[in-house]
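Structure at a glance
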Amino acid sequence: MDAYAAVVLAGGAARRMGGVDKPARTVGGRPMRDRVLAAVADAAPRILVGPAGPVPAGVRVTREEPPGSGPVAAAAAGLALLDPGTPVVALLAADLPLLTRAAVGELLGHLDAGHDGVCYVDGDGRRQTLCGVWRVAPLRAALDRLAAERASGQRDGSAAPLAGAPIRALLAGLRVREVPWAGAGPPPWFDCDTDEDVRRAEEWAR
């Protein structure tokens, strides 16, 4: 798999960190979002969905609508910037400071004709859905399906049916291949939700 895009989701509220700009927190001297973007340096385009701020050259920035409305709405905002012919997209949380290009390559290598996407699973078998790669066409179809389902169930006629939607609802019905991490080093799907997680990532990143 050669051509792919990357959408990095950086709009979370970070409530367990007091509402700070979590992706801007540093690990190994670099903001977590920059470490994630570096792991997909060969993707085109690279799109960051979240608050405007300094980003590496060549990265496009957009925002989910309304701001802070969750990962599904953010994924939709990112995919909206992709060219129609884009075949594959890496969909990644911005708080994965241990993600590497090799780990992304592992996912791309496991994406075959029988699956719509690939994501890592942890040692307990839990899907790490925001550390995965997906075929764009079925992912867009899933977004359209979910938006239609939620819009039909809304009484207020909200213009943002994807706001607050869970990732598991988006991926329901997609053929997902689960891949355990077997490479050297720490798990690439390790995300930082707390200060303790950041300290642990710092130790691994040394």
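Up top is the structure these notes are about.
Keep in mind that what you see is a predicted model, and the values were worked out from it rather than measured.

Points about unusual backbone geometry
- That bond from A44 to P45 is cis: its omega, -5 degrees, falls within 30 degrees of zero.
- Residue placement: P45 occurs in the loop between helix 1 (32–39) and strand 4 (46–49).
- Cis geometry marks the peptide bond from E65 to P66, where omega comes out at -5 degrees.
- Here P66 shows up in the loop between strand 5 (59–62) and helix 2 (71–79).

Brief notes about the sheet that holds strand 9 (residues 176–180)
- What the seven strands build is an open sheet, ordered 5-4-1-6-8-7-9; its pairing is mixed. Only two strands of the sheet have a single neighbouring strand rather than two, namely strand 5 and strand 9. Direction aside, the axes of adjacent strands within the sheet are offset by 25 degrees on average.
- Against the sheet, helix 1 makes contact with strand 1 (5–9), strand 4, strand 5 and strand 6 (88–93), and its axis sits at roughly 155 degrees relative to strand 4, the strand it touches most.
- In the packing of helix 2 onto the sheet, the strands contacted are strand 1, strand 4, strand 5, strand 6 and strand 8 (127–135), and the crossing angle to strand 1 comes to about 145 degrees.

With respect to helix 6 (residues 195–205)
- Taken together, the buried positions of helix 6 are D197, V198 and A201. Down the axis of helix 6, the sector holding all buried residues measures 100 degrees, keeping them to one side.
- Elements in contact with the buried residues of helix 6: strand 2 (26–27).

Describing the packing of aromatic side chains
- This structure, assessed with the given rule, holds two aromatic pairs.
- Here F190 and W204 contribute two aromatic rings whose centre-to-centre distance is 5.1 Å and whose plane-to-plane angle is 85 degrees, an arrangement assigned as edge-to-face. Within this pair, whereas F190 is found in the loop between strand 9 and helix 6, its partner W204 is found in helix 6, the two being separated by 14 residues in sequence.
- Classification of F190 as buried rests on a relative accessible area of 7%.

Cut-off values and rules
Residues numbered from 1 in each chain as written. Predicted model: local features only at pLDDT ≥ 70, side-chain atom pairs only at ≥ 80, totals over all residues. Heavy atoms only, no water. Helix = DSSP H or I, 4+ residues; strand = E, 2+ residues; numbered from the N terminus. Pairing = 2+ DSSP bridges. Axes fitted to C-alpha atoms, helices over the stretch in contact; angles between N-to-C directions. Contact = heavy atoms within 4.5 Å. Buried < 20%, exposed > 50% of the residue type's maximum accessible area, 1.4 Å probe, protein only. Arc of directions from axis to C-beta. Phe/Tyr/Trp six-rings, centres within 6.5 Å; stacked < 30°, edge-to-face > 60°.

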